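Examining the three-dimensional arrangement
Below, each chain spelled out in residue letters.
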Amino acid sequence: MTAIKESSTIQENKQYALEKCPVTFVMEKIGGYWKPIILYHLSTGDKRYSELKRAIPAVTEKMLIQHLKQLEADGLVIREAKPVVPPFVTYTLSNAGTGLLPVIDAMAAWAFKVKDGVYTI
């Protein structure tokens, strides 16, 4: 992976936005297509990888693994591996991840209102 040049204009603009806009900070953590969907499915409790894959059939294995690793690195998801054969790995929301549930719930509520015709887009 290529190293990020910290003094680049893009990185300076990103840092400025992170300091001035809290929404930018949140989007750095949960931005993208799959991360909010993963958090939504983990909101009901801990899940194994296979359960997440079944719940989100459109996601590729590569993307699911990549986003789970990013969510874990960002402290939003806890990965617990039990030393048994076959491996038993579960994913659960951390305290920080649980703190995002009102945001995820608001997104879901908005989607249901659009679907029900309350809002037109």
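Cut-offs and rules
Residue numbers here run from 1 along each chain, matching the order of that chain's written sequence. The model is predicted, so local features are restricted to residues of pLDDT at least 70 and side-chain atom pairs to those at 80 or more, both for listing and for counting; the totals for chains, interfaces and linings are taken over all residues. Values reported for side chains reflect all heavy atoms of the structure, with hydrogen atoms and water molecules removed beforehand. Note on pairing: DSSP must find at least two bridges between two strands before they are called paired. What counts as a helix is a DSSP run of H or I of at least four residues, what counts as a strand is a run of E of at least two, and both are numbered from the N terminus. UniProt positions are given in the numbering used here, feature names are shortened, and annotations may be inferred rather than shown by experiment. Throughout, a residue-residue contact means that at least one pair of heavy atoms, one from each residue, lies within 4.5 Å. To obtain each axis, a line is fitted to C-alpha atoms, and for helices this fit is confined to the stretch in contact; angles are then taken between N-to-C directions over 0 to 180 degrees. Pairing of aromatic side chains here covers Phe, Tyr and the six-membered ring of Trp, requires ring centres within 6.5 Å, and sorts the geometry by plane angle: under 30 degrees stacked, over 60 edge-to-face, intermediate tilted. Partly exposed describes any residue whose relative accessible area lies between the buried limit of under 20% and the exposed limit of over 50%, with all areas from a 1.4 Å probe on protein chains only and scaled to the type maximum.

The pairing of strand E2 (residues 77-82) with strand E3 (residues 88-93) spans six bridges and is antiparallel. From the neighbouring strand, Ala81 faces E3, where its bridge partner is Val89.

What follows concerns the UniProt feature "domain: HTH hxlR-type" (unreviewed entry) in the protein. Feature annotation in UniProt assigns "domain: HTH hxlR-type" (unreviewed entry) to the following positions: residues 21-119. The straight-line gap between the two end C-alpha atoms of residues 21-119 is 27 Å; of that span, 58% is helix and 14% is strand.

The sheet built from three strands is open, its strands ordered E1-E3-E2 with antiparallel pairing. Of all strands in the sheet, those with a lone pairing partner are strand E1 (47-48) and E2, marking the two edges. Summarising the sheet, E1 and E3 pair through two bridges and their orientation is antiparallel. Following the sheet pairing, Lys47 is matched in E3 by Tyr91. Across the sheet, helix H3 (residues 35-42) touches E1, E2 and E3, and the angle it forms with E3 is around 100 degrees.

All told, the structure shown has one aromatic pair when counted by the stated rule. With centroids separated by 4.6 Å and ring planes inclined at 85 degrees, the aromatic side chains of Tyr33 and Trp34 adopt a geometry described as edge-to-face. Accessibility expressed as a relative area gives 15% for Trp34, which makes it buried.

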